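Geometric and topological summary
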Amino acid sequence: MLIGELAERTGTSVRLLRHYERAGLLRPERLPNGYREYADPDTAVVLRIRALLAAGLPTRVIRQVLPCTTDGAAVQPCPGVLDALRAQLSDLDRRATELAAAREVLRETIAGAEARTAPAATPR
């Protein structure tokens, strides 16, 4: 199938499919005219890529994990994959902690600004 059909089957833009190829996640055959030709299993591969991206994995980690996935997107215990996934989880945890701290600072800043701009109560 050509790139447009794969894009339609997966709900992915042609531009993203080309990006996945540049990132080493897809390897279509090339026809004599230079067109990309995808096999039917590439549909499932694209859907797994999208699921892994939605899980927060960068393409460099997906490139390592993808060969160890099944059609159901389950990850098999390939060498190095669990370490890569644990490292990614650790990074996400660190970023979540940083975001939580930033949110708290922003809440305090807003509360302080609101307290300073509230109209003063008038005595009776």
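As a reminder, the structure under discussion sits directly above these lines.
No experiment lies behind these values; they were computed from the predicted model shown.

1. Here we look at the overall build of the protein chain
In terms of regular secondary structure, the protein chain is built from 5 helices and 2 strands. Mapped from its N terminus to its C terminus, the protein chain presents α and β elements in the order α-α-β-β-α-α-α. Computed over C-alpha atoms, the radius of gyration of the protein chain comes to 23 Å, more than 25% over the 14 Å expected from 2.2 N^0.38 for 124 residues, which places it beyond the range of a compact globule. Referenced to the eigenvectors of the C-alpha coordinate spread, the extents of the protein chain come out at roughly 85 × 35 × 25 Å.

2. Some thoughts on the pattern of salt bridges
Within this structure, the stated rule accounts for 8 salt bridges. Of the charged contacts, one joins Asp 91 and Arg 95 as a salt bridge, the two residues approaching to 3.5 Å between their closest N and O atoms. Residue Asp 91 and its partner Arg 95 are both found in helix H5 (residues 81-117); the two are separated by 4 residues, about one turn of the helix. Taking relative accessible area as the criterion, Arg 95 reaches 40% and is therefore assigned partly exposed.

3. Some words on the side chain of Asp 42
Looking at where Asp 42 falls in the secondary structure, it is placed in helix H3 (residues 41-54). Summary of buried charges: Asp 42 has no salt-bridge partner, and the nearest side chain of opposite charge, Arg 48, is 7.7 Å away. Setting aside its immediate chain neighbours within four residues, Asp 42 contacts Leu 6 and Leu 26.

4. Thoughts on the state of the cysteines
One pass over the structure, following the stated rule, counts 1 disulfide. With a sulfur-sulfur separation of 2.1 Å, Cys 68 is cross-linked through a disulfide to Cys 78. For the disulfide bridge between Cys 68 and Cys 78, the dihedral angle about the S-S bond is near -125°, and by the sign convention the bridge is left-handed. Remark: Cys 78 occurs in the loop between helix H4 (59-65) and H5 and Cys 68 occurs in the loop between H4 and H5; sequence separation between them is 10 residues. Residue class for Cys 68 comes out buried when judged on its relative accessible area of 7%.

5. Considerations on the nonpolar core
Core analysis: the largest hydrophobic core is formed by 22 residues, its most contacted members being Leu 17, Leu 26 and Ile 49. Secondary-structure elements contributing two or more residues to this core are helix H1 (3-10), helix H2 (14-22), H3, H4 and H5. Considering each element in turn, this core owes the most residues, 4 residues, to H3. Setting aside its immediate chain neighbours within four residues, Ile 49 contacts Tyr 20, Leu 25, Leu 26, Ile 62 and Leu 66.

6. Some remarks on H5
The terminal C-alpha atoms of H5 lie 53 Å apart, and with 37 residues this matches the ideal 54 Å at 1.5 Å per residue to within 8%. The complete set of buried residues in H5 reads Val 81, Ala 84, Gln 88 and Gly 112. The secondary structure elements touched by the buried residues of H5 are H4.

Cut-off values and rules
- Residues numbered from 1 in each chain as written.
- Predicted model: local features only at pLDDT ≥ 70, side-chain atom pairs only at ≥ 80, totals over all residues.
- Heavy atoms only, no water.
- Helix = DSSP H or I, 4+ residues; strand = E, 2+ residues; numbered from the N terminus.
- Rg over C-alpha atoms; globule rule 2.2 N^0.38 Å.
- Salt bridge = Lys/Arg side-chain N within 4 Å of Asp/Glu carboxyl O.
- Buried < 20%, exposed > 50% of the residue type's maximum accessible area, 1.4 Å probe, protein only.
- Lys, Arg positive; Asp, Glu negative; His and termini not counted.
- Contact = heavy atoms within 4.5 Å.
- Disulfide = S-S within 2.5 Å.
- Core = buried A, V, L, I, M, F, W, Y, C linked by side-chain atoms within 4.5 Å.
- Expected span 1.5 Å × (residues − 1).

From the geometry alone we can't say anything about function, so treat these as descriptive.
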